[in-house]
Amino acid sequence: AHMPRFVDETIGESSAPAPAGNRYADLEGFMQKPPAERWAYWKQEFARCIKCYACRAVCPTCYCPQCIVDKNRPVCVDTSATLMGNFAWQITRAFHQAGRCTGCGECTRACPVGINLALLNKSLAYAAEHEFGYRAGAALDAPPPIGAYSLQDKEDFIR
């Protein structure tokens, strides 16, 4: 069960915190697959997306006054449910949630076609945690990795 760390009040009985374990076990299993197999998986998943934006509507950290998919001058993301438009939407949203997604899984639960969007978001959460030591929702005063710079940041990703 997910228990919020910083709350003023909870409704109902508090449940035991989630067991400590490897929160990235499913991601690590997925990343063991060859890149071509991972690419094929996401192509198959995103081909099913109907662009209903349920993932956006249910997400507690999706709160921009005007979402990029609602901008129509110029059109940034194709609004029709094409494979390329779906990739643009899902990847843009995932990067936008990097450093904010706490892993609640509501995006996956709300998706009417059952796309495991939490796996995509988890990959960026893993990168934020392992590259920048940042875990969303773990500390109130920690600056998010996007928009913050430290001289201690790793630079091994620069080629």
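This text follows the structure it describes.
For clarity, every value in this text was computed on a predicted model and none was experimentally measured. (Residues numbered from 1 in each chain as written. Predicted model: local features only at pLDDT ≥ 70, side-chain atom pairs only at ≥ 80, totals over all residues. Heavy atoms only, no water.)

## Quick look at helix H2 (residues 35–47)
- Its 13 residues place the ends of H2 18 Å apart at the C-alpha level, agreeing with the 18 Å of an ideal helix rising 1.5 Å per residue.
- Inspection of H2 places Arg-38, Trp-42, Glu-45 and Phe-46 among the buried residues, and these make up the whole buried set. Take H2 and look down its axis: the buried residues cluster within an arc of 90°, on one side only. For H2, the exposed residues set more than 90 degrees away from the buried face come down to Ala-36, Gln-44 and Ala-47.
- Looking at the buried side of H2, the elements it contacts are helix H1 (25–31), helix H4 (83–97) and helix H6 (117–132). (Helix = DSSP H or I, 4+ residues; strand = E, 2+ residues; numbered from the N terminus. Expected span 1.5 Å × (residues − 1). Buried < 20%, exposed > 50% of the residue type's maximum accessible area, 1.4 Å probe, protein only. Arc of directions from axis to C-beta. Contact = heavy atoms within 4.5 Å.)

## Comments concerning the packing of aromatic side chains
- Per the stated rule, a full pass over the model turns up eight aromatic pairs.
- Measuring from ring centre to ring centre gives 5.9 Å for Phe-30 and Trp-42, while their planes differ by 75°; the resulting arrangement is edge-to-face. On the criterion of sequence distance, the pair formed by Phe-30 in helix H1 and Trp-42 in helix H2 is long-range, its members being twelve residues apart. The same class applies to Phe-30 and to Trp-42, which are both buried.
- An aromatic cluster is defined as three or more aromatic residues linked by ring pairs; in this entry it consists of Phe-30, Trp-39, Tyr-41, Trp-42, Phe-46 and Phe-87.
- Positioned over the ring face of Tyr-63 is Arg-100, at 4.8 Å from the centre of the ring. (Phe/Tyr/Trp six-rings, centres within 6.5 Å; stacked < 30°, edge-to-face > 60°. Lys NZ or Arg CZ within 6 Å of the ring centre and 35° of its normal.)

## A short note on unusual backbone geometry
- Of note in the backbone geometry, Lys-51 takes a positive phi value of approximately 55° without being a glycine.
- Examined against the element boundaries, Lys-51 turns out to sit in the loop between H2 and helix H3 (54–58).

## Let's talk about the environment of Val-69
- Following the sequence through the fold, Val-69 ends up in the loop between H3 and H4.
- Sequence separation of Val-69 and Trp-89 is 20 residues, and the distance between their C-alpha atoms is 7.4 Å.
- Once residues lying within four places of it in the same chain are set aside, the contact partners of Val-69 are Tyr-53, Arg-56, Val-77, Thr-79 and Trp-89.

## Considerations on the pattern of salt bridges
- Applying the stated criterion to the full structure yields five salt bridges.
- Across the salt bridge formed by Arg-109 and Glu-106, the nearest N and O atoms sit 2.8 Å from each other. With Arg-109 and Glu-106 both in helix H5 (residues 106–110), this residue pair falls three residues apart, about one helical turn.
- Between Glu-129 and Arg-135 there is a salt bridge, with its nearest N and O atoms 3.9 Å apart.
- A relative accessible area of 24% places Glu-129 in the partly exposed class. (Salt bridge = Lys/Arg side-chain N within 4 Å of Asp/Glu carboxyl O.)

Function cannot be inferred from these measures alone, as they are strictly geometric.
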